[in-house]
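If you want the building blocks of each chain, they are given just below.
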Amino acid sequence: MNATSTTRTGATRAESWDDLVTAALLGTDRRPRADAAPGREAPLALLDAAAVATVRRRAGLRPARAARRPEPAPEDPRPALPAAAAHRLATLLADRSAGAGGGRRGSAPDLTELLPQWLAAAVAHGYAAPAQLLPSLLDAARGRTDLRPAALAFAGPRALWLARLNADWRFALRAAPGGGAALPGPEDAEAVHRLWQEGLFAERVALLGALRTRAPVRARELLASTWPQERAEDRLMFLDAMRAGLSVEDEPFLERALGDRSRNVRATAAELLSALAGSALAARMAVRAAVCVALDRTQRTPAIVVEPPLECDSSMERDGVVATPPAGRGERSWWLGQLVEATPLGTWSERLGGRTARQIVALPVTDGWQDELHAAWCRAAMRQRDAEWSRALLGAPSAPEAGGPGAVSLAERAKLLAALDPAQRAAWVAGFIATHGLSEAFQLLGVCAVPWAAPLGRSVVDALNIARDAGSYPWSFSGVMGLAERCLDPAETARLEALLAIPDEREDAAPGAGGYWAEAFQRLVTTLRLRAAMADELAPPASTRAPAPVEASAQPPDAAG
Amino acid sequence: MTEQGVRWTAEQVLALAPDAASRKAGSKLGTAGPWSGTGSGEGTVWGLCKGSGSRPYQTVVDLAGPAYKCSCPSRKFPCKHALGLLLLWADGGGSVPVSAEPPDWAGQWLEGRRERGESKPGRDEGSSAAGPADPQAARRRAERRAERVTAGATELEQRLADLLRGGLASAEQAGYGVWDETAARMVDAQAPGLAARVRELGTIPASGAGWPGRLLEECALLHLLDRGWLRRDRLPEALAATVRSRLGLPAAADGPPVRDRWLVLAQYDTVDAKLTTRRVWLHGVSSGATRLLLSYGAAGRAPELSLPVGLALDAELSGHPGAGRHRAGLGERFGPPAPAAFRPPGMPTARATARYGEALRDDPWLDAVPVTLERVIPVPDGETWQLADADADSALPLTRAARSRPGLWRLVALSGGAPVTVFGECGHRGFTPLTAWAAAADEAVPLC
C-alpha cells in the first residue's frame with residue numbers, strides 16, 4: 001500500500017521483486033526457474049527467494065519524501081479552558097456521539113441539551129477550545145445548525161484551518177462567524193481590501209459581517225466600491241449583512257439599490273429602508289398608508305375605517321411592494337398589509353387623533369379589517385423594534401384572547417415579546433402562564449432570557465405542580481419540562497425538592513403518573529445541579545475554587561443512605 | 001500525593017466503557033443525583049446508586065486493576081454504575097468524599113480480593129499454570145501437539161507449493177472457500193497462528209491493486225514460518241521461541257520481572273466474530289522499555305484488563321519468550337494507576353524505519369514496531385496523510401486503517417501544522433498513530 005510513497009532498496013541483482021511476482025502469478029509449471037537449486041522443488045525455491053526478498057525489502061524501508069506542508073494554523077490567543085471544564089466538554093460531546101438513544105428519559109439529565117448552553121457560556125468567558133476536541137465540536141456543529149454559531153465561535157481559528165482540510169466541515173467556512181480571528185480588523189485597510197477583492201464568497205460575507213458590526217460606514221463603502229460588479233445572489237447576501245448597524249447614513253445607498261435589476265435585492269433594500277423611520281421611503285409609505293386608514297368620526301364611539309388601495313402602481317412597486325398576492329389572498333388586502341407594515345409606527349398617533357399605541361390598538365375596526373390591520377402593525381413593530389407598540393399589540397397577558405385565536409397569533413406574540421426588555425418579557429409570560437397554563441406557553445418561553453427571571457421560573461414550576469395534581473402524565477408537558485431543565489435558574493433547586501416525593505395516588509389520576517412526575521422532577525433537579533456545576537467549572541480561576549455549594553449538598557432526600 | 005492528585009480524568013474513565021451504549025449510560029449516571037453513601041480511599045471508590053428498584057445498587061471499584069463489583073444485574077463489564085461512580089469521583093466536585101473506612105458491603109469484597117491476591121494478579125493466560133501436576137504427562141501432551149503442528153505445517157507447505165506451481169492468478173478465481181478450508185485444517189492441527197495467517201491470505205486477492213505482490217509476500221512469510229517450525233532444532237533458541245509463539249503455541253511470561261512505573265501509551269481493541277483482543281502498550285519510565293499486554297474477551301464482552309491512557313502503573317512485568325517481541329505479562333501491582341506528567345522520548349522518522357528493520361532480524365514476521373516520533377507534523381498527501389519530520393525532508397505514510405479513523409483528525413487538530421510527539425506502530429504498511437502529545441502540554445491524547 002505504501003510501495004509508491006516509500007523508497008525501497010535492496011532489490012536483488014539477479015532477480016527483481018517484479019520478476020518474482022510475475023513468476024508467481026504465472027506459476028512455476030508455466031515458467032520454470034532457470035536458477036533453481038538442484039534437488040529443490042521449483043515452487044519452494046520461488047518461495048525461498050520471495051521470503052528473502054520480502055524480509056529484505058521490509059528491512060530496507062526508508063521514509064518517503066515529505067509532501068507540501070499546510071500553513072500552520074493561526075494562533076488562538078484566548079486562554080485555555082480550565083481542566084474541569086475541558087473534561088465536562090469531553091463528556092458532553094461523548095454523550096452526543098453515543099447517539100440519541102430511544103426510550104423514556106428516566107431521571108438522568110440529557111447532556112446533549114446542555115451543550116448549547118455550555119458553549120454560549122464558554123464563548124462569553126472568552127476561552128480557547130482544546131485542540132483535540134475540535135473534530136468532535138465540528139461534527140456536533142455539522143449535525144445541528146442551531147449549535148453552529150456558538151460552536152464555531154468557541155472553536156476559533158484552528159477550526160477554520162481544519163475545515164479547509166476536511167470536506168465534511170466545509171460548512172464552517174461558509175458559516176464563519178463575524179469577528180473570527182482569521183479575518184483582518186477594520187484598522188488593517190490593506191488586508192481588508194485584499195480579502196474583499198480576492199476572497200472566497202464565504203470569506204467576503206464573513207468580512208462584511210464582521211466589519212459591519214465594528215465599523216458600519218467602512219463596511220458600506222467597501223460594498224459600494226464593487227457593488228455594480230457583484231452577481232445578483234451575492235448582492236442579496238451582502239445587502240442582508242447591512243441589517244447590522246443600520247442607520248440613516250445608509251439611506252442613499254439603499255435608495256440606489258431600490259433601482260436594482262434583481263427584484264429580491266429591491267425588496268430587501270425596501271425592507272431595510274422601511275425599518276429606518278426617518279427614511280424617504282418610509283415617509284412615502286406613510287403617505288400611502290394614511291390614505292387607507294382613517295378615524296371614522298360618524299359613529300358614536302370612534303372606530304378605525306379601512307379603505308385598502310385600489311391599485312399597485314409602479315412607484316409602489318419601486319418601493320418594494322409586491323404586486324401579486326400569494327394564492328388565496330385578495331390583492332387589495334395584500335397591498336394594504338405591505339403599506340402598513342412599511343409605515344413608521346410613529347405616524348399613527350397623529351393620524352388617529354393623538355392616541356397612544358395602546359389606545360389605537362383598542363379602537364374597533366370596521367368591516368372586519370381588524371385582523372389584517374393588527375397583523376400588519378405586528379410586523380411593523382417587529383421590523384422597527386418598537387417596544388411601545390409591541391406591548392400594546394401583546395395586550396394584557398391575562399386577557400382571554402391572549403391564549404386563544406385572536407388578531408395576533410402566538411407566533412407573532414413570541415416575536416413581539418422579543419422587542420421588550422428581558423424583565424418585561426419574563427413578566428408578561430409569567431402572567432400568561434398564570435392565566436392560561438402551560439399548554440400554549442412553549443413558544444413564548446422560548447424567547448425569554450436564560451436563566452429565567454425568578455417570577456417566570458416560579459410560575460412555570462407552579463404550573464407544572466398544578467398539572468401534576470391534575471393527574472395527567474408528565475410527558476404531556478415534556479416540551480416545557482425540557483425547557484425548564486435548560487432555562488430555570490439553578491438557584492430554584494431548593495424550591496423544587498418538595499416535588500421530588502412520589503405523591504399518594506388519587507383515584508382519578510392516570511395510573512403511575514405520580515412516580516413518573518417524581519422522576520421528571522428528579523431529572524429537573526439533577527440537571528439544575530449539573531448546570532450549576534458547569535457554570536462553576538467555567539468561572540475563571542481567580543474567582544473560583546470555593547467548592548460549589550450546590551454540589552456539596554447534592555444528596556437528594558430520597559436517596560440518603 | 002494528595003487524593004485529588006490521583007483522580008482520573010473523565011476521558012480516562014470513559015475509555016473503560018465496553019461499548020458506546022455503556023459510555024452514554026455511564027455518563028448519565030456521572031452526576032450526584034442518583035448517588036448516596038459515596039466515598040473513596042486507599043485506591044477504592046464506592047457508592048450506592050438508586051435504580052428502578054427499591055434497593056439501591058451497591059457499586060465498588062478497586063482502582064488497582066481496575067476491578068469492579070456491582071449488585072446490578074448487568075452483564076456489561078464494567079457496568080454503567082461503575083462508570084458513573086468513577087465519573088463522579090473523577091469530577092472532583094466533592095460528591096465522593098475521601099473516607100477512611102469503606103462500608104461493610106464494600107469492605108468485604110475488597111478484603112476478599114486482597115486475601116486472594118487478586119489486586120496483584122499474575123493472571124495472564126498461559127501463565128496461570130503453577131506447574132503441571134504430572135510432568136511426564138505434560139511432556140507427552142506437548143510431544144503429541146508438536147506432531148500435529150508438524151503435520152499441519154507439512155500439509156501447508158504442500159498447499160503453498162501447489163499454489164505456486166499453478167500460479168497466483170488462479171488464486172483470484174478460487175475465491176475464499178479454499179483458504180477457509182485450509183485455515184480449518186490448521187485449527188485442527190492446533191496451530192492457531194498458521195490458521196490466522198492463512199485466513200489473512202484469503203482476503204488479499206480482493207484487496208485491490210497490487211494484490212499479487214502482497215499475496216506473494218504473505219505466502220513467502222508463511223513458508224518461512226513453516227520451514228522455521230520444521231527445522232526448529234537448528235534455530236537459535238530465541239528465534240525458535242519466536243517461531244513457536246508465531247504459530248500460536250502457548251508460553252508463559254517467564255522472563256525476569258521488571259518493576260517500573262509503566263506509562264499507559266495506548267489501548268485499543270480489535271474485534272472479530274469470536275474474540276475481542278485488547279492491546280495495551282506500556283512504557284517504563286525508568287527502564288525506557290516498551291511492552292505490550294494482550295487480553296481477550298469472548299465475543300461481545302470487553303476484555304477485563306483496562307488501563308486508561310496517560311496513567312502510570314507501578315507494577316512488575318515479565319516478558320514472554322521470543323526474540324524481538326514486546327509482549328509481556330502483568331505481574332504484581334504496587335498501587336492503582338495514577339496520572340503521570342511524562343511522555344516517552346522520541347525519534348525522527350528515519351530512525352523509526354531503521355528500528356523496524358532491526359527488529360525484523362529477530363522476528364521476520366513482525367508487521368510493525370512501537371515507536372515514538374518526536375517533532376513530526378501530520379501532512380495531507382493526496383488521498384492519504386503522512387507524518388513529516390519538522391526538521392528534515394522525510395515522512396512516514398499513515399496506514400490505510402489509520403487514515404479512516406476519527407483519531408486522525410484529533411491528531412491533525414492537536415498539531416495545527418506544528419510539531420507534535422506521536423506514539424504508534426511503524427511497519428511495512430506505514431505508520432499507525434495511537435497517542436499524541438502537543439508541543440506545550442503533557443496531556444496524552446488518545447487517537448484510537
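Residues numbered from 1 in each chain as written. Chains lettered and ligands numbered in written order. Predicted model: local features only at pLDDT ≥ 70, side-chain atom pairs only at ≥ 80, totals over all residues. Heavy atoms only, no water.

For chain B, an unreviewed UniProt entry supplies the name SWIM zinc finger family protein and the organism Streptomyces broussonetiae.

Undergrad: Explanation requested: the sheet that holds strand β11 (residues 368–381) of chain B in the structure shown.
TA: Picture the strands of a sheet paired through backbone hydrogen bonds; they go either parallel or antiparallel. Within the open sheet, the seven strands sit side by side as β1(A)-β13(B)-β12(B)-β11(B)-β14(B)-β15(B)-β16(B). Their pairing is antiparallel. Single-partner strands in this sheet number two, and they are β1 (64–65) of chain A together with β16 (445–446) of chain B. Relative to β11 of chain B, helix α11 (residues 349–362) of chain B is tilted by about 145 degrees, and along the sheet it contacts β11, β12 (384–389), β13 (394–397) and β14 (420–427) of chain B. (Pairing = 2+ DSSP bridges. Helix = DSSP H or I, 4+ residues; strand = E, 2+ residues; numbered from the N terminus. Contact = heavy atoms within 4.5 Å. Axes fitted to C-alpha atoms, helices over the stretch in contact; angles between N-to-C directions.)

Undergrad: Got a minute to help me understand the nonpolar core in this structure?
TA: Side chains of nonpolar character tend, in soluble globular proteins, to be buried together. Residues I304, W348, W377, W389, L445, W452 and L456 of chain A are the most contacted members of the largest nonpolar core, which totals 103 residues. With seven residues, the single largest contributor to this core is helix α28 (residues 513–538) of chain A. When residues no more than four places from it in sequence are discounted, the contact partners of I304 of chain A are V293, A294, L295, L352, I360, L363, P364, V365, T366, L373 and W377 of chain A. Membership of the second largest hydrophobic core comes to 70 residues, among which are L61, L114 and F154 of chain A together with A359 of chain B. (Core = buried A, V, L, I, M, F, W, Y, C linked by side-chain atoms within 4.5 Å. Buried < 20%, exposed > 50% of the residue type's maximum accessible area, 1.4 Å probe, protein only.)

Undergrad: Any chance you could explain the pairing of strand β6 (residues 275–284) of chain B here in plain terms?
TA: The side chains of a regular strand alternate between both faces of the sheet. Residues and elements named next belong to chain B. With eight of ten residues buried, β6 lies mostly within the body of the structure. As paired elements, strand β5 (residues 258–271) and β6 share nine bridges and run antiparallel to each other. Within the sheet, the bridge partner assigned to W262 lies in β6 and is G284. Linkage of β5 to β6, two consecutive antiparallel strands, is achieved through a turn of three residues. Alignment of β6 against strand β7 (residues 290–298), held across nine bridges, turns out to be antiparallel. By the bridge assignment, R278 is partnered in β7 with S295. Hairpin geometry of β6 and β7 is characterised by an intervening segment of five residues between the two adjacent antiparallel strands and by a positive phi of about 75 degrees at G288.

Undergrad: Sorry if this is basic, but what is going on with the pairing of strand β2 (residues 44–49) of chain B here?
TA: All names here are of chain B. When you tally the buried positions in β2, you get six out of six residues, the bulk of the element. Where strand β1 (residues 35–41) lies against β2, five bridges are found, and the strand directions are antiparallel. Counted as the bridge partner of S36 is L48 from β2. Between β1 and the antiparallel strand that follows it, β2, lie two residues; E42 among them carries a positive phi value of about 50 degrees. Where β2 lies against strand β3 (residues 57–62), six bridges are found, and the strand directions are antiparallel. In the sheet register, C49 faces β3, and the bridge partner there is Y57.

Undergrad: Which parts of the structure should I look at to understand the UniProt feature "domain: SWIM-type" (unreviewed entry) in chain B?
TA: Under the feature "domain: SWIM-type" (unreviewed entry), the UniProt entry names residues 57–90 of chain B. The span residues 57–90 of chain B is 32% helix and 29% strand, and its two end C-alpha atoms sit 20 Å from each other. (UniProt positions renumbered as here; feature names shortened; annotations may be inferred.)

Undergrad: Would you explain helix α4 (residues 111–125) of chain A in this entry?
TA: In an α-helix, one turn spans 3.6 residues; hence positions three or four apart end up facing the same way. Residue and element names in this part refer to chain A. For α4, built from 15 residues, the straight-helix expectation of 21 Å at 1.5 Å per residue is met to within 8% by its first-to-last C-alpha distance of 21 Å. Among the residues of α4, L111, T112, L114, L115, W118, L119 and A122 are the ones counted as buried. Positioned one or two residues after α4, G126 has a phi angle of 80 degrees, which is positive. (Expected span 1.5 Å × (residues − 1).)

Undergrad: Whenever I open this one, the pattern of salt bridges confuses me. Can you help?
TA: Should the charged atoms of two oppositely charged side chains come close, the side chains can pair. Evaluation of the coordinates by the stated rule reveals 44 salt bridges over all chains. The shortest N-O distance in the salt bridge between D260 of chain A and R235 of chain A comes to 2.9 Å. Pair noted here: D260 of chain A is in the loop between α12 (251–257) and α13 (263–275) and R235 of chain A is in helix α11 (residues 232–241), with a separation of 25 residues, a long-range link. This pair shows no difference in class: D260 of chain A is buried, exactly as R235 of chain A is. Linking E341 of chain A and R383 of chain A is a salt bridge whose minimum nitrogen-to-oxygen distance equals 2.9 Å. Of this pair, E341 of chain A sits in helix α16 (residues 331–341) while R383 of chain A is found in helix α19 (residues 370–384), placing the two residues 42 residues apart along the sequence. Of the residues examined, E341 of chain A reaches a relative accessible area of 15% and is grouped as buried. A relative accessible area of 22% places R383 of chain A in the partly exposed class. Among the charged side chains, a salt-bridge network with shared partners connects R57 and R58 of chain A together with R197, E217, E218, D367 and R429 of chain B. (Salt bridge = Lys/Arg side-chain N within 4 Å of Asp/Glu carboxyl O.)

Undergrad: Is there a simple way to explain the interface of chain A and chain B in this structure?
TA: Every contact between the two is made by 77 residues of chain A and, on the other side, 80 residues of chain B. Regarding the contact of chain A and chain B, the summed buried area is about 6300 Å², with carbon and sulfur atoms giving 61% of it. There are six salt bridges connecting chain A and chain B. Here D393 of chain B makes a salt bridge to R65 of chain A, at a shortest N to O gap of 2.7 Å. The interface formed by chain A and chain B includes 24 residue pairs in polar contact (both at pLDDT 80 or more). Listing elements by their share of the side of chain A that touches chain B, those giving two or more residues are α1 (17–26), α2 (42–59), β1, α3 (83–97), α5 (134–143), α6 (148–163) and α28 of chain A. (Buried area = accessible area lost by both parts, 1.4 Å probe. Polar contact = N/O pair within 3.5 Å; in protein donor to acceptor, adjacent residues only side chain to side chain.)

Undergrad: Honestly, the confidence of the model for chain B in this entry has me stumped. Any pointers?
TA: Detailed conclusions should not be drawn from predicted coordinates in areas where pLDDT is low. Residues and elements named next belong to chain B. Confidence in the prediction for chain B averages 86 pLDDT; 94% of positions are at 70 or higher. Counting contacts from residues 1–5, a segment whose pLDDT is below 50, to residues more than four positions away or on other chains yields seven contacts. Contacts from residues 119–130, a stretch scored under 50 in pLDDT, to residues over four places away or in other chains number 25 contacts. Interface scoring of the predicted complex returns ipTM 0.78; its pTM is 0.72. (pLDDT = per-residue confidence, 0-100.)

Undergrad: Just checking my understanding: could you explain the domain arrangement of chain B for this structure?
TA: In many analyses, interface size is given as the accessible surface area lost on bringing the parts together. Residues and elements named next belong to chain B. Structurally, chain B comprises domain 1 (4–115), domain 2 (143–247), domain 3 (258–339) and domain 4 (349–446). For domain 1 versus domain 3, the separation of C-alpha centres amounts to 22 Å. Across the boundary between the two partners, domain 1 contributes 15 residues, which contact 17 residues of domain 3. Around 1200 Å² of area is buried between domain 1 and domain 3 when both sides are counted, 57% of it from carbon and sulfur atoms. Seen at the junction of domain 1 and domain 3, the total is zero salt bridges. The interface formed by domain 1 and domain 3 holds zero residue pairs in polar contact (both at pLDDT 80 or more) in total. Taken together, the residues that form the side of domain 1 that touches domain 3 break down as nine nonpolar, four polar and two charged. (Domains from an automatic or database assignment. Nonpolar A, V, L, I, M, F, W, Y, C, P; charged D, E, K, R; others polar.)

Undergrad: Explain unusual backbone geometry here, please?
TA: Of all residues except glycine, most have a negative phi; of all peptide bonds, most are trans. Each neighbour pair has its own omega, and for V450 of chain A with P451 of chain A the value is -5 degrees, a cis peptide bond. Assignment of secondary structure puts P451 of chain A in the loop between α24 (442–446) and α25 (454–469). The phi torsion at D367 of chain A lies on the positive side, around 55 degrees, for a residue other than glycine. If you trace the backbone, D367 of chain A turns up in the loop between α18 (357–362) and α19. With relative accessibility at 67%, the residue D367 of chain A sits in the exposed group. A positive phi angle, near 50 degrees, is found at R375 of chain B, a position not held by glycine.

Undergrad: Mind showing me how you'd approach the side chain of H223 of chain B here?
TA: With respect to the helices and strands, the residue H223 of chain B is situated in helix α9 (residues 211–230). Of note is the side chain of H223 of chain B, whose polar atom sits 2.5 Å from the side chain of D48 of chain A.

Undergrad: Looking at this model, I keep getting lost on the side chain of R278 of chain B. Mind explaining?
TA: Residue and element names in this part refer to chain B. Along the chain, the position of R278 falls in strand β6. Here R278 falls in the buried class, since its relative accessible area comes to 3%. Within the structure, the side chain of R278 is placed 2.9 Å from the backbone oxygen of L305, a separation counted as a polar contact. With near-sequence residues (within four places) excluded, R278 lies in contact with Q267, Y268, D269, L293, L294, S295, A302, P303, L305 and S306.

Undergrad: Can you walk me through the sheet that holds β1 of chain B in this structure?
TA: Residue and element names in this part refer to chain B. Pairing is antiparallel across the open sheet formed by four strands, whose spatial order is β1-β2-β3-β4. At either margin of the open sheet sits one strand with a lone partner, and together these are β1 and β4 (67–70). Ignoring which end each strand starts from, the neighbouring axes of this sheet average 10 degrees apart.

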